[in-house]
There are 2 protein chains.
Amino acid sequence: MKVAKVRLFVETSLSGGAMLDLDPAAAHRVATVMRLGVGDSLVLFNGRDGEWRATVAGIGRRSCAIVARDMLRPQAAETDVWIAAAPIKRARMTALVEKAAELGVTRVQPVVTRRTAVSRVNVGRLLSTAREAAEQCGRLSVPAVGAPATLERFLGSLDPSRGLLWCDESGGSPPVAAALDGLREPDLRRSWAVLIGPEGGFDRAERTLIAGHGRVLGVDLGPWLLRSETAATVALGILQSRLAMP
Amino acid sequence: MKVAKVRLFVETSLSGGAMLDLDPAAAHRVATVMRLGVGDSLVLFNGRDGEWRATVAGIGRRSCAIVARDMLRPQAAETDVWIAAAPIKRARMTALVEKAAELGVTRVQPVVTRRTAVSRVNVGRLLSTAREAAEQCGRLSVPAVGAPATLERFLGSLDPSRGLLWCDESGGSPPVAAALDGLREPDLRRSWAVLIGPEGGFDRAERTLIAGHGRVLGVDLGPWLLRSETAATVALGILQSRLAMP
């Protein structure tokens, strides 16, 4: 019996002795790619019931039956941080979503701005990227991926109590570390959305719109012009590191 | 005449009226890829003499002559931060170097550890990646890229006054934000090397070796198992954001 190295997100409920059939794609991955056989162990999570050790109970041509055995970790509360970013070229958007999923975001929201050059977003593919990153990094949930929304619609639908960490490229905002340090505890410990603009930045009307959000915190990420996926990773890393402090 | 969108690192000295011949690769990029013609503007930097507006003075079959015109920005002091990381697969190593260069590292040092699975490192290719990222992000220098060194040799040759920000995956180190907040100003404002281990982490003997460095600061990057390039980006982003604070 192999030590569990396969970690899968599933949709079904998990409890001791629960039997589940993997969907054909997951069955292929377990039986053919990972080469697990009957009796081998793997790890399952579903975003609700914690993390479970499970074993392969049966393998068919395009199916795989799994039995959940023991809970390894209970479901735990997560910080509620979104990434909202203007779509970029495919490989870099994939990297952005992968990094955001590794850094614990609960939602990826593509935001279309006036200077957004990339119009097509494959939400299904980004969701697969997010799921694989969540499986790999050990978190207990998978982020949602929203359909692209205009900046106006995104801001209009944003819960006014959610903080908006605006990565402002203009140089007019304070350094991110100082800005976060300056927040009172109740203003830090809330839900957040990190907002990343397009190549070329937000235009003047968009900047006014963003600045009008009740809980906006404009921050400067440093003297260099960062690519979107770098800016997203840095901003999420810094925010989560602050939220992880006791 | 086009607005300057081409930004090039050159080796030669820069001063008002200085004439320089681009190497064939740079000449190809300027004349053929970017399609600049005689009289068009571009931006040059060399890591010593600041940033200069320049114009194309002549284009040959495999050559391009440039004249430096006006200094746009003087050379400024940079934070001295290295990234030292166990080599990973090619595409992810490229991403790691690109992000590190965007985040202002002065040196990229591949470090070979016992659990390092990737043995081949193309230093020349990584240097090209670093140069392109530096050109793109607007910094005034290009990081050096070291030849791979064993962890023992790397630590043995490290200046004892350089801080070692060790991204410790074991869970035994304090959260990175708290660890950096806990430093006294003179202990924060020094040269640093950020150390990232291989997939699977450092082994026990290596951990002892690292812990023996005089200026080591072990930090925990959060509850998730981050890929190397994500960990490097987050750690560099957090450290530089602290160093950027007044």
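Residues numbered from 1 in each chain as written. Chains lettered and ligands numbered in written order. Predicted model: local features only at pLDDT ≥ 70, side-chain atom pairs only at ≥ 80, totals over all residues. Heavy atoms only, no water.

Colleague: What exactly am I supposed to notice about the relation of the copies chain A and chain B here?
Modeller: Relating the two copies of this chain is a rotation about some axis coupled with a shift parallel to it. Between chain A and chain B, the superposition needs a rotation of 180° and an axial shift of 0.0 Å, giving an RMSD of 0.0 Å. Overall, the copies show the geometry of a two-fold rotation axis. Taken together, the interface assignments show that 100% of the residues at the interface of chain A recur at the interface of chain B, consistent with an identical surface on both copies. (Least-squares fit on C-alpha atoms with pLDDT ≥ 70 in both. Contact = heavy atoms within 4.5 Å.)

Colleague: Help me out: how do you make sense of the sheet that holds strand β4 (residues 51-59) of chain A in this one?
Modeller: Sheet strands associate in pairs through backbone hydrogen bonding, adopting either a parallel or an antiparallel arrangement. Residues and elements named next belong to chain A. Spatially, β1-β3-β4-β5-β2 is the arrangement adopted by the five strands of the open sheet, whose pairing is mixed. Of all the strands in the sheet, the pair left with one neighbour each is β1 (7-9) and β2 (19-21). Taking the axes of each pair of neighbouring strands and ignoring which way they run, one obtains an average angle of 40° across the sheet. Direction of pairing for strand β3 (residues 41-45) relative to β4: antiparallel, over a ladder of five bridges. When the sheet's bridge partners are listed, S41 is paired in β4 with T55. Along the sheet, helix α1 (residues 24-33) contacts β1, β3, β4 and β5 (64-73); its crossing angle with β1, the most-contacted strand, is approximately 175°. (Pairing = 2+ DSSP bridges. Helix = DSSP H or I, 4+ residues; strand = E, 2+ residues; numbered from the N terminus. Axes fitted to C-alpha atoms, helices over the stretch in contact; angles between N-to-C directions.)

Colleague: Please explain the interface of chain A and chain B as it appears in this structure.
Modeller: One widely used convention gives an interface's size as the accessible area the parts lose upon coming together. Of the residues lining the interface, 27 residues belong to chain A; the matching set on chain B comes to 27 residues. For chain A, the biggest contributors to the area lost against chain B are E102, Q136 and W224 of chain A; these three give 22% of the whole. Seen at the junction of chain A and chain B, the total is eight salt bridges. Between R227 of chain B and E98 of chain A there is a salt bridge, with the nearest N and O atoms lying 3.8 Å from each other. Between chain A and chain B we count 14 residue pairs in polar contact (both at pLDDT 80 or more) in total. Elements with a minimum of two residues in the side of chain A that touches chain B: α2 (90-102), α3 (123-137), α5 (176-181) and α8 (228-243) of chain A. (Buried area = accessible area lost by both parts, 1.4 Å probe. Salt bridge = Lys/Arg side-chain N within 4 Å of Asp/Glu carboxyl O. Polar contact = N/O pair within 3.5 Å; in protein donor to acceptor, adjacent residues only side chain to side chain.)

Colleague: What's the story with the packing of α2 of chain A against α3 of chain A in this structure? I'm lost.
Modeller: Residue and element names in this part refer to chain A. Contact geometry for α2 and α3: axes closest at 8 Å, N-to-C directions at 40°. Put simply, α2 runs oblique to α3. Both α2 and α3 take part in a crossing whose hand is right-handed. Touching R90, M93, T94, V97, E98, A101 and E102 of α2 are R125, L126, T129, A130, A133, Q136 and C137, all from α3. The residue inventory of the contact of α2 with α3, partitioned by class, reads seven nonpolar, three polar and four charged. (Parallel < 35°, antiparallel > 145°, perpendicular 65-115°, else oblique. Left-handed = near helix turned anticlockwise from the far one by under 90°. Nonpolar A, V, L, I, M, F, W, Y, C, P; charged D, E, K, R; others polar.)

Colleague: Quick question: what am I supposed to make of the sheet that holds strand β4 (residues 51-59) of chain B here?
Modeller: Residues and elements named next belong to chain B. Taken together, the five strands give an open sheet; going across it, the order is β1-β3-β4-β5-β2, and neighbouring strands pair in mixed fashion. Looking at strand neighbours, the two that pair on one side only are β1 (7-9) and β2 (19-21), the edges of this open sheet. Neighbouring strand axes in the sheet, compared pairwise and without regard to direction, differ in orientation by 40° on average. Bridge count between β1 and strand β3 (residues 41-45): three bridges; the pairing is parallel. Following the sheet pairing, R7 is matched in β3 by V43. Contacting β1, β3, β4 and β5 (64-73), helix α1 (residues 24-33) crosses the sheet at an angle of about 175° to β1.

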